[in-house]
Amino acid sequence: MTELTVDKTRLTLVQGDITVQQVDAIVNAANSALRGGGGVDGAIHRAGGPDIMAECRRIGGCPPGQAVRTTAGRLSANHVIHTVGPVWSGGDAGEPDLLASAYRRSLEVAAAHGARTVAFPSISTGVYGYPKDLAAETALDAVTTAVINLDIDQVRFVVFGDDDLEIYQRAMQARASE
Ligand code: AR6
C-alpha cells in the first residue's frame, strides 16, 4: 500500500532522494536560521545551487512550525518550501503541534504559490531526533486535514531509509482500512 486518496488529493509514498522528485514543490527540513546544514537540507542546497541560499539569507529565518518559499534553483521543482520542525525533547514540549504545523504551513505556502504536487521528507526525524513512528502518524494526520481546504493534487512522502518505508506503509495501510 503506497497510496491513499483523501478528498481530491492523492497521498503517495516513495523511497529515495527528494531532490530528484518531479513535483512542483519540494519541502526542506531546515533550521530556523535557514543557514543550511546536513541531511536533507544539505542535499537540497547542493543539488539546487547557490540561488536557494541567497534567497534564504534575504528572508533571514523561519520559526519552528512555520514555512517560507524560495526558488528551487537548478532542481526540476519550481519551489522549495523551507519548514522548521521541532527538536525532539521527550514529547511534552509541544513537539506534535509544531510538527503538525510544519506540514500544514508547508502545504498552505505551496498552494499559495500555485503548487499542486508537493514532496515531503520525514521532517525532524534525522538530526532533530523525533521518533520516526510518531512523526509518521503526525505527518499523515496533519496532511490529511490540511489538504481538504487546499487545491493540491498530490502529496508525496519521500522516505530515505528502509525503516521509514515500513513505518509509512503500515500507517497508510491502517488509514486505508479505516
Ligand atoms: N531525501 C529524502 N530524505 C532525506 C534525504 C534526501 N536526500 N537526506 C536525508 N533524508 P534531517 P531534521 C531524511 O536530519 O531531523 C539539518 O542540518 C533523513 O533520513 O535532514 O528535520 C537542518 O539544517 C531523515 O529521515 O532533518 C537542520 O539543522 C529526514 O530526511 C536539521 O538538520 C530528516 O532528517 C533538521 O533536522
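Residues numbered from 1 in each chain as written. Predicted model: local features only at pLDDT ≥ 70, side-chain atom pairs only at ≥ 80, totals over all residues. Heavy atoms only, no water.

Caption draft 1: Molecular detail of the overall build of the chain. The number of helices and strands found in the chain is 5 helices and 7 strands. The order of helices and strands in the chain, counted from the N terminus, is β-β-β-α-α-β-β-α-β-α-β-α. For 178 residues, the compact-globule estimate of 2.2 N^0.38 gives 16 Å, and the chain sits close to it at 15 Å. Once the C-alpha set of the chain is aligned to its principal axes, its extents read approximately 45 × 35 × 30 Å. Going through the 178 residues of the chain one by one, you find that 51% of them count as buried. Counting only carbon and sulfur atoms, one obtains 49% of the accessible surface of the chain, whose full area is about 7900 Å². Charge-centre separation for the chain: the mean point of 15 positive side chains lies 8 Å from the mean point of 21 negative side chains. (Helix = DSSP H or I, 4+ residues; strand = E, 2+ residues; numbered from the N terminus. Rg over C-alpha atoms; globule rule 2.2 N^0.38 Å. Buried < 20%, exposed > 50% of the residue type's maximum accessible area, 1.4 Å probe, protein only. Areas by Shrake-Rupley, 256 points an atom, 1.4 Å probe, with all protein chains shown as cover. Lys, Arg positive; Asp, Glu negative; His and termini not counted. Charge placed at Lys NZ, Arg CZ, Asp CG, Glu CD.)

Caption draft 2: Main features of the site of the ligand. Taken together, 22 residues form the shell around the ligand, and within it Asn 31, Val 40, Asp 41, Ser 124 and Val 127 come nearest. Backbone polar atom of Ile 18 to a nitrogen atom of the ligand: 3.0 Å apart, as the coordinates give it. The backbone of Gly 126 places a nitrogen or oxygen atom 2.8 Å from an oxygen atom of the ligand. Burial of the ligand by the protein amounts to 90% of the accessible area it has alone, namely 700 Å². (Near = heavy atom within 4 Å. Polar contact = N/O pair within 3.5 Å; in protein donor to acceptor, adjacent residues only side chain to side chain.)

Caption draft 3: Up close: the packing of aromatic side chains. In the structure shown here, the tally under the stated rule is 4 aromatic pairs. Ring centres of Phe 120 and Phe 157 lie 6.4 Å apart, and the angle between their planes is 25°; this geometry places the pair in the stacked category. Within this pair, whereas Phe 120 is found in strand S6 (residues 117-120), its partner Phe 157 is found in strand S7 (residues 154-159), the two being separated by 37 residues in sequence. Both residues of the pair, Phe 120 and Phe 157, belong to the buried class. (Phe/Tyr/Trp six-rings, centres within 6.5 Å; stacked < 30°, edge-to-face > 60°.)

Caption draft 4: Representation of the side chain of His 45 in the model. Along the polypeptide, His 45 turns up in helix H1 (residues 39-48). Relative accessible area serves as the criterion here: at 14%, His 45 is assigned to the buried category. The residues contacting His 45, other than those within four sequence positions of it, are Asn 28, Gly 36, Ile 52, Met 53, Cys 56 and His 82. (Contact = heavy atoms within 4.5 Å.)

Caption draft 5: Structural view of the pattern of salt bridges. Using the criterion set out here, one finds 9 salt bridges in the structure. Between Arg 69 and Glu 55 there is a salt bridge, with its nearest N and O atoms 3.8 Å apart. Of this pair, Arg 69 sits in strand S4 (residues 67-71) while Glu 55 sits in helix H2 (residues 50-59), and the two are 14 residues apart along the sequence. Judged by relative accessible area, which is 25%, Arg 69 ranks as partly exposed. Glu 55 sits in the buried class, given a relative accessible area of 17%. Taking the shortest distance from any N to any O, the salt bridge between Arg 116 and Asp 153 comes out at 2.9 Å. With Arg 116 in the loop between helix H3 (95-112) and S6 and Asp 153 in the loop between helix H4 (132-147) and S7, this pair connects stretches of sequence that are 37 residues apart. What makes Arg 116 partly exposed here is its relative accessible area of 37%. When salt bridges that share partners are traced, they join Arg 104, Arg 105 and Glu 108 into one network. (Salt bridge = Lys/Arg side-chain N within 4 Å of Asp/Glu carboxyl O.)

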